[in-house]
Protein chains: 2
Amino acid sequence: MELSSKVEIIGSMLLKENIKPSYARIRIMEYLLSRKSHPTVDEIYTALVKEIPTLSKTTVYNTLNLFVKSNIARVITIEENETRYDADMSCHGHFKCESCKAIRDFSFKCAAIDTSDLDGFLIREKNVYYYGLCPDCLASESQD
Amino acid sequence: MELSSKVEIIGSMLLKENIKPSYARIRIMEYLLSRKSHPTVDEIYTALVKEIPTLSKTTVYNTLNLFVKSNIARVITIEENETRYDADMSCHGHFKCESCKAIRDFSFKCAAIDTSDLDGFLIREKNVYYYGLCPDCLASESQD
DNA sequence: AATAAAATTGTAATCAATACAATGCGTATG
DNA sequence: CATACGCATTGTATTGATTACAATTTTATT
């Protein structure tokens, strides 16, 4: 898809949430949507500043916080030191390989988690993080 | 239970993991076990320094990292800015009330999460975080 | 074009976490 | 019993992500 049509689609998506579709906001959302990598603020900034030289890191922070408040992105705290962001709001889990550090989505049936312990609670968001070894790292480890 | 017998029990628990049962380590593990509050480093330090005046915050950090590496405690990254610790290694989830900020355990059947997406992966750890409103905050909110 | 409102920017400040060198303590050895 | 070694602890300095905030720029409105 061309960038120009992406801009329109994301622009109207932001308008629906009463967010002014500024160029920076559109590009940041476009970056989030176009890759499943759950980037950090630094990754987003480093990638986009090449094309938007005036971009500041504060804007990236502001924009992501705005997206999270508006429920069109969510925070991934799978790591202790750095916050990651994900614009995929569907129910899915995140797996982090402790060897190669890659983070991967996986699907599961949200309703399958029995939460009778939380009767009377209002559940707004669910984050599921798994840790372990991916098949590649598993294979190279067993060779040692 | 008296502190003296706790010291012995936790001491042998640490020895099993090849961790020298120093007084600081025993008291930090005792603190983790005695409350389900998933304390932060600061909470642990502030509570224990009253009884162990020589305690340093670095020791709390070192000790918790050691516990995590030895798999007798785990990191709770339910919050963006602060790391919490939990010595309950059984399968359970954590619920955080976005209003009163309290964190609460809840149980669920770990096996109920279908992970066919992760066939071939070695899963070592699972963290399940839910966010929302607890019954108390829900009640006081609906009064407004 | 003029004004107001909102977005963006850059710098400074905050704060959790780590690095590291120095000190203290316990255990084993002679 | 004294000494030496290894490990635990300590305190300070540093790092690095995030936020605060005031100044500037951009956008929208009349």
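By convention here, each chain's residues receive numbers from 1 onward along its written sequence. Written order decides the labels, with chains lettered from A and ligands numbered from 1. Given that this is a predicted model, residues contribute local features only at a pLDDT of at least 70 and side-chain atom pairs are listed and counted only at 80 or more, while totals for whole chains, interfaces and linings are drawn from all residues. Excluded from the side-chain calculation are hydrogens and water; included are all heavy atoms of the structure.

Novice: I'm lost on the overall build of chain A in this one. Help?
Specialist: Regarding its fold elements, chain A presents five helices and five strands. What counts as a helix is a DSSP run of H or I of at least four residues, what counts as a strand is a run of E of at least two, and both are numbered from the N terminus. Ordering the α and β elements of chain A from the N terminus gives α-α-α-α-β-β-β-β-β-α. Along the first, second and third principal axes, the C-alpha set of chain A runs to 50 × 45 × 30 Å. Each residue is assigned to one of three classes by its accessible area relative to the maximum for its type, calculated with a 1.4 Å probe on protein chains only: buried under 20%, partly exposed between the two thresholds, exposed over 50%. Residues counted as buried form 40% of the 144 residues belonging to chain A. Here the contacts in chain A between residues at least 6 apart in sequence split such that 47% fall between residues at least 24 apart. A residue counts as positive if it is Lys or Arg and as negative if it is Asp or Glu; His and the chain ends are not included. In plain terms, the charge of a residue is placed at NZ if it is Lys, CZ if Arg, CG if Asp and CD if Glu. In chain A, the 18 positive side-chain charges and the 21 negative ones have mean positions that sit 7 Å from each other. Pairs of residues are marked as contacts when any of their non-hydrogen atoms sit within 4.5 Å.

Novice: Explain the protein's contact with DNA strand D here, please?
Specialist: We call a residue near a given molecule or strand whenever any one of its heavy atoms falls within 4 Å of it. Close to DNA strand D lie 16 residues; Thr83 of chain A together with Ser22, Arg25, Thr54 and Thr59 of chain B are nearest. Among atoms of DNA strand D positioned within 4 Å of the protein, sugar and phosphate together represent 73%. Any N or O atom pair separated by 3.5 Å or less is treated as a polar contact, with the protein-specific requirement of one donor-capable and one acceptor-capable atom, and with residues adjacent in sequence counted only for side-chain atom pairs. Between DNA strand D and Thr54 of chain B there is a distance of 2.3 Å, counted from a phosphate oxygen to a backbone nitrogen or oxygen. Those elements giving two or more residues to the surface near DNA strand D turn out to be helix H4 (57-69) of chain A together with helix H2 (23-34) and helix H4 (57-69) of chain B. For the surface near DNA strand D, the class distribution of residues is three nonpolar, ten polar and three charged. Side-chain classes are defined by residue name, with Ala, Val, Leu, Ile, Met, Phe, Trp, Tyr, Cys and Pro counting as nonpolar, Asp, Glu, Lys and Arg as charged, and the others, Gly among them, as polar.

Novice: Help me out: how do you make sense of the domain arrangement of chain A in this one?
Specialist: For interface size, the figure often reported is the accessible area lost on association. Residues and elements named next belong to chain A. For each domain, the first and last residues come from an automatic or database assignment. The domains assigned to chain A are domain 1 (3-86) and domain 2 (92-143). Each of domain 1 and domain 2 was reduced to a C-alpha centroid, and the two centroids are 23 Å apart. At the interface, ten residues of domain 1 touch twelve residues of domain 2. By buried area we mean how much accessible surface two parts lose on assembly, using a 1.4 Å probe and totalling the loss over both. A per-residue breakdown of the area domain 1 buries against domain 2 is headed by His38, Arg74 and Ile78, which together make up 61% of the total. Should a side-chain nitrogen of Lys or Arg be within 4 Å of a carboxyl oxygen of Asp or Glu, the pair is scored as a salt bridge. At the boundary of domain 1 and domain 2, one finds one salt bridge. The salt bridge involving Lys96 is made with Glu79; its shortest N-O contact spans 3.0 Å.

Novice: Could you clarify how one ought to interpret the interface of chain B and chain A in this entry?
Specialist: In this complex, chain B contributes 35 residues to the contact, which on the side of chain A involves 35 residues. Taken over both partners, the interface formed by chain B and chain A buries close to 3,500 Å², and the fraction arising from carbon and sulfur atoms is 57%. The interface formed by chain B and chain A contains two salt bridges. Arg124 of chain B is the salt-bridge partner of Glu98 of chain A, the closest N and O atoms lying 3.0 Å from each other. Elements represented by at least two residues in the side of chain B that touches chain A include exactly strand E4 (103-106), strand E5 (122-133) and helix H5 (135-142) of chain B. The element that contributes the greatest number of residues to the side of chain B that touches chain A is E5 of chain B, accounting for twelve residues.

Novice: It is not clear to me how the relation of the copies chain B and chain A should be interpreted in this structure. Could you clarify?
Specialist: Relating the two copies of this chain is a rotation about some axis coupled with a shift parallel to it. Least-squares fitting of one copy onto the other uses the C-alpha atoms of those residues that reach a pLDDT of at least 70 in both copies. In screw terms, the move from chain B to chain A is a rotation of 180 degrees and a rise of 0.0 Å along the axis, fitting with an RMSD of 0.0 Å. Expressed as an axis order, the relation between the two copies is that of a two-fold axis. For chain B, the smallest separation between a C-alpha atom and the rotation axis is recorded for Val128 of chain B, amounting to 2.3 Å. A share of 100% of the interface residues of chain B reappears at the interface of chain A, consistent with the copies meeting face to face through the same patch.

Novice: How do you make sense of the packing of H2 of chain B against H4 of chain B when you look at a structure like this?
Specialist: Helix packing for two helices is described by the angle between their axes and how far apart those axes are. All names here are of chain B. Fitted lines through C-alpha atoms give the axes, limited to the stretch in contact for helices. The angle between two N-to-C directions lies from 0 to 180 degrees. Packing of H2 against H4 leaves a shortest axis separation of 10 Å and a crossing angle of 70 degrees. Looking at the two axes, H2 sits roughly perpendicular to H4. For the pair H2 and H4, the sense of crossing is right-handed. In this structure, H2 contributes Ala24, Arg25, Ile28, Met29 and Leu32 to the contact, and H4 contributes Thr59, Val60, Thr63, Leu64, Leu66 and Phe67. Looking at the contact of H2 with H4 residue by residue, the classes come out as eight nonpolar, two polar and one charged. Note on angle classes: values under 35 degrees are labelled roughly parallel, values over 145 roughly antiparallel, values of 65 to 115 roughly perpendicular, and the remainder oblique. Put simply, a crossing is left-handed when the front helix is turned counterclockwise from the back one by less than a right angle, and right-handed when it is turned clockwise.

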